[in-house]
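An overview of the molecular structure
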Amino acid sequence: MTGSRSTEIADVVAWEALDSRGRPTVACRVHLAGGAVGRAIVPSGASTGSHEAVERRDGGTRYGGWGVRGAVEAVRAELRPAVIGLDATCQVDVDRRLEEVDGTPDLRRAGANAVLAVSLATAIAGARALGQPLWKSLAGPTPLAGEPTAGEPREPVLLPMPMVNILSGGAHAARAIDIQDVLAVPVGAGTFAYGLELVERVRAATAALLDSRGDGTGLVADEGGLAAPLPTNEAALALVTDGIEAAGLTPGHDVALAVDLAASQFGTADGTYHLRCEDRILDRDGWLAEVGRWCERYPIVSLEDVLNEDDWEGWTLAARTLPEDCQLLGDDLFATHLDRVEKGIACQAANAVLVKPNQAGTLTRAQRVLRRAQQAGLATVVSARSGDTEDTWLADLAVGWRSGQIKVGSTTRSERTAKWNRLLELEHDLGEAAVVAHRGVLRGQAY
Ligand code: 2PG
Ligand code: MG
């Protein structure tokens, strides 16, 4: 479909920017014929799954090999000419063209970072041209080829329940402990703003506890959370649960725990799990039994990447043996890939899907994954990356796509607060037209 002239892509500009870890990343501006401009900067993970769309990095010595000049050049020389003239409000068409130009399933040739930069900046430019906030232009049913992205949002608008990083280990905190993130979920909050207030109270109280125990709070993890070399992984769960109590809140009632185990990071090729900070190696059954005990002792409502990313049989077993009321969330397992989500649905491997646009490579691919998961009754969580940027589009995705949950990192550091602040703005502006997701969202309810 050829859009009205004003929404046609007139130019695409890309350059090398920095992410929150100080690594280069692709930034992009899409200019439309009518004057609207969209700008986006691509995030990047540290504990990347092996089935993600592939970022293009320069290698060599510059920036330790993390440079993206090649990806920027791919935008200029290949992606730009391919999308000029397309209608920015027909996201499916733009994304399909980008995928065709790359020509590889995982977008490794031009680079998934190059492709996503154009995809995102197009969506933002399209929304501007329509005079709509981004969340609104992303709302409505999944568009088909040739259909404009915008649709009428369902009422009430659903604000996501936040999942907030309190303490980190693994790849986000120099492997101080093995599990990657202990997060707080304000399950008892009736508004987004109050939920954020509760989890910030928990972060501050947990920091004070660490300080009083002499473990210090000088270390800041990649996502702004606390980092401390604790003696065991379980100690991290105990610490944050104590933090909830120290904040004057009831664990499980006001604020519960979510854990991103990121088990592929310490799972070994022979199927065992190597807990280095405890000097223990467990087989799969032993590891699942350990996690099951944690669920009995601590108010855990969500477990992410509990097993290795390719252990489908193990995941099905985990879904049968871990507490039924716990969200079993696949990140590296699904890698925001439709085929992997289909497989997960077929073998009942998990009951929730983490959606990261840069794992998919285009917004359309990410949206299809989210819609398919929701259609199958799975819960969905949109997620930032550990190397993120000041952009706020993820907050708008969560609202427009009715993800129900969002994971952005801590309540500190501006690349994190930018997204929380955008959600606070939306809650303020939407007033009674919006509700925040209630705890049923962890069971795939409330879309
Ligand atoms: C994760 C993400 C965000 P990374 O594992 O869920 O916390 O981390 O971006 O490093 O993959
Ligand atoms: Mg994860």
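Refer to the structure above for everything that follows.
To start, this report covers the structure provided alongside it. (Residues numbered from 1 in each chain as written. Chains lettered and ligands numbered in written order. Predicted model: local features only at pLDDT ≥ 70, side-chain atom pairs only at ≥ 80, totals over all residues. Heavy atoms only, no water.)

**So, the overall build of the chain**
Definition in use: Labels follow the DSSP assignment, with helices taken as runs of H or I lasting at least four residues and strands as runs of E lasting at least two, numbered in each case from the N terminus. Only protein chains enter the accessibility calculation, which uses a 1.4 Å probe; a residue whose area is less than 20% of its type maximum is buried, one above 50% is exposed, and one in between is partly exposed. Every residue pair with non-hydrogen atoms within 4.5 Å of one another is taken to be in contact. All accessible-area figures derive from a Shrake-Rupley calculation using a 1.4 Å probe, and residue coverage is judged against the displayed protein chains alone. Just so you know, the count uses Lys and Arg for positive and Asp and Glu for negative, and it drops His and the chain ends. Here the site of a charge means NZ on Lys, CZ on Arg, CG on Asp, or CD on Glu.
Tallying secondary structure elements over the chain gives 13 helices and 16 strands in all. By principal-axis analysis of the C-alpha atoms, the chain measures approximately 60 × 55 × 45 Å. Expressed as a percentage of the 447 residues in the chain, the buried residues total 61%. Restricting to contacts in the chain with at least 6 residues of sequence separation, those with at least 24 account for 70%. Surface summary for the chain: the accessible area is close to 16000 Å², and the carbon and sulfur share equals 49%. Computed over 44 positive and 60 negative side-chain charges, the inter-centroid distance for the chain is 4 Å.

**What to know about the site of ligand 1**
To keep things clear, this is the line we draw: Nearness is defined per residue: one heavy atom within 4 Å of the molecule or strand is enough. Within 3.5 Å is the distance limit for a polar contact, defined as a pair of N or O atoms, with the added protein rule that one can donate a hydrogen and the other accept it, and that residues adjacent in sequence qualify only through two side-chain atoms. Side-chain classes are defined by residue name, with Ala, Val, Leu, Ile, Met, Phe, Trp, Tyr, Cys and Pro counting as nonpolar, Asp, Glu, Lys and Arg as charged, and the others, Gly among them, as polar. Where each domain starts and ends follows an automatic or database-derived domain assignment.
Residues in close proximity to ligand 1 total 16 residues, the closest being His172, Glu223, Arg385, Ser386 and Lys407. Side-chain polar atom of Glu304 to an oxygen atom of ligand 1: 3.0 Å apart, as the coordinates give it. In the complex, 99% of the free accessible area of ligand 1, which totals 310 Å², lies under the protein chains. Partitioning the shell around ligand 1 into residue classes produces 3 nonpolar, 5 polar and 8 charged. Each of two domains, domain 1 (5–132) and domain 2 (157–443), supplies a minimum of three residues to the shell around ligand 1.

**Some remarks on the packing of helix α5 (residues 192–212) against helix α13 (residues 414–430)**
Quick reminder of the rule: Here the axes come from fitting lines to C-alpha atoms, over the contacting stretch only for helices, and the angles between their N-to-C directions go from 0 to 180 degrees.
It is at 9 Å that the axes of α5 and α13 come closest, and there the two elements cross at 145°. Facing α5, whose interface residues are Phe192, Ala193 and Leu196, α13 presents Trp420, Leu423, Leu424 and Glu427.

**Details of helix α9 (residues 338–346)**
Where we set the bar: The arc in question is the one spanned by the directions pointing from the helix axis to the C-beta atoms.
Among the residues making up α9, those that are buried are Arg340, Val341 and Gly344. Axial view of α9: buried residues confined to an arc of 100°, hence all on one face. The outward face of α9, more than 90 degrees from its buried face, is lined by the exposed residues Asp339 and Ala346. Residues of α9 that are buried in the fold lie against α8 (312–321), β13 (352–355) and α11 (363–375). Looking one or two places after α9, you find Gln348, whose phi comes out positive at around 50°.

**Considerations on the environment of Gln327**
By the element assignment, Gln327 lies in strand β12 (residues 327–330). With residues near it in sequence (within four places) discarded, Gln327 still touches Met163, Val301, Ser302, Leu303, Asn351, Ala352, Ala379, Val381, Gln405, Val441 and Leu442. Polar side-chain contacts of Gln327 include one of 2.9 Å to the side chain of Ser302. Within the structure, the side chain of Gln327 is placed 2.8 Å from the side chain of Gln405, a separation counted as a polar contact.

**So, the coordination of the magnesium ion (ligand 2)**
Tetrahedral coordination by four donors places them ideally at 109.5 degrees to one another around the metal; octahedral coordination by six donors ideally gives 90 or 180 degrees. Here is the rule: Each metal's donors comprise the N, O and S atoms found within 2.8 Å of it (within 3.2 Å for Na, K or Ca). Water is not part of the atom list, so some coordination spheres may appear incomplete.
Protein coordination of the magnesium ion (ligand 2) is provided by Asp260 (OD), Glu304 (OE) and Asp331 (OD), with donor distances spanning 2.1 to 2.2 Å. Linear spacing of the donor residues for the magnesium ion (ligand 2) on their chain is D-x43-E-x26-D. Taken together, the residues span a long stretch of sequence, with Asp260 in strand β8 (residues 256–260) and Asp331 in the loop between β12 and α9 at a distance of 71 residues. We classify Asp260 as buried; its relative accessible area is 1%.

**Quick notes on the pairing of β13**
For clarity, the threshold we go by: Here a crossover is taken to be right-handed if, once the strands point away from the viewer, the path from the first strand over the helix to the second is traced clockwise. When DSSP finds two or more bridges between a pair of strands, those strands are recorded as paired.
Residues of β13 alternate between two faces, with Ala352 and Leu354 on one and Val353 and Val355 on the opposite face, all of them buried. Read as a crossover between parallel neighbours, the route from β12 over α9 to β13 is right-handed. In terms of strand pairing, β13 meets strand β14 (residues 379–383) through 4 bridges, oriented parallel. Of the residues in β14, the one forming a bridge with Val353 is Thr380.

**Here's the deal with the packing of aromatic side chains**
Put simply, the rule reads: Under the pairing criterion, centres of Phe, Tyr and Trp rings, with the six-membered ring standing for Trp, must be within 6.5 Å; the plane angle then separates stacked pairs below 30 degrees from edge-to-face pairs above 60, leaving the rest tilted.
Summed over the entire model, instances satisfying the criterion amount to 6 aromatic pairs. With a centroid separation of 6.3 Å and 40° between ring planes, the pair formed by Phe192 and Trp420 is classed as tilted. Taken together, the residues Phe192 in helix α5 and Trp420 in helix α13 connect sequence positions 228 residues apart. As far as burial versus exposure is concerned, Phe192 and Trp420 are alike and both buried. With a centroid separation of 5.8 Å and an interplanar angle of 20°, the aromatic rings of Tyr273 and Trp287 are classed as stacked. Remark: Trp287 occurs in helix α7 (residues 284–297) and Tyr273 occurs in strand β9 (residues 273–275); sequence separation between them is 14 residues.

**Looking at unusual backbone geometry**
A negative phi holds for most residues other than glycine; trans holds for most peptide bonds. Cis geometry marks the peptide bond from Glu155 to Pro156; its omega dihedral reads -10°. For Pro156, the position within the fold is in the loop between α4 (134–138) and β4 (157–159). Positive phi is not limited to glycine here, since Arg175 has a value of about 55°. If you trace the backbone, Arg175 turns up in the loop between β5 (161–168) and β6 (181–185). Residue Arg175 is classed as partly exposed on the basis of its relative accessible area of 48%.

**Digging into the sheet that holds strand β1 (residues 9–18)**
If you trace the 3 strands from one edge of the open sheet to the other, you get β1-β2-β3, paired in antiparallel fashion. Strand pairing shows two members of the sheet lacking a second neighbour, β1 and β3 (37–41), which therefore form its edges. The mean inter-strand angle of the sheet, taken between neighbouring strand axes irrespective of direction, is 15°. Note: strand β2 (residues 24–32) against β3, 5 bridges, orientation antiparallel. Bridging across to β3, Ala27 finds its partner in Ile41. Those strands touched by helix α1 (residues 69–83) are β1 and β2, and its axis lies near 170° from that of β1.

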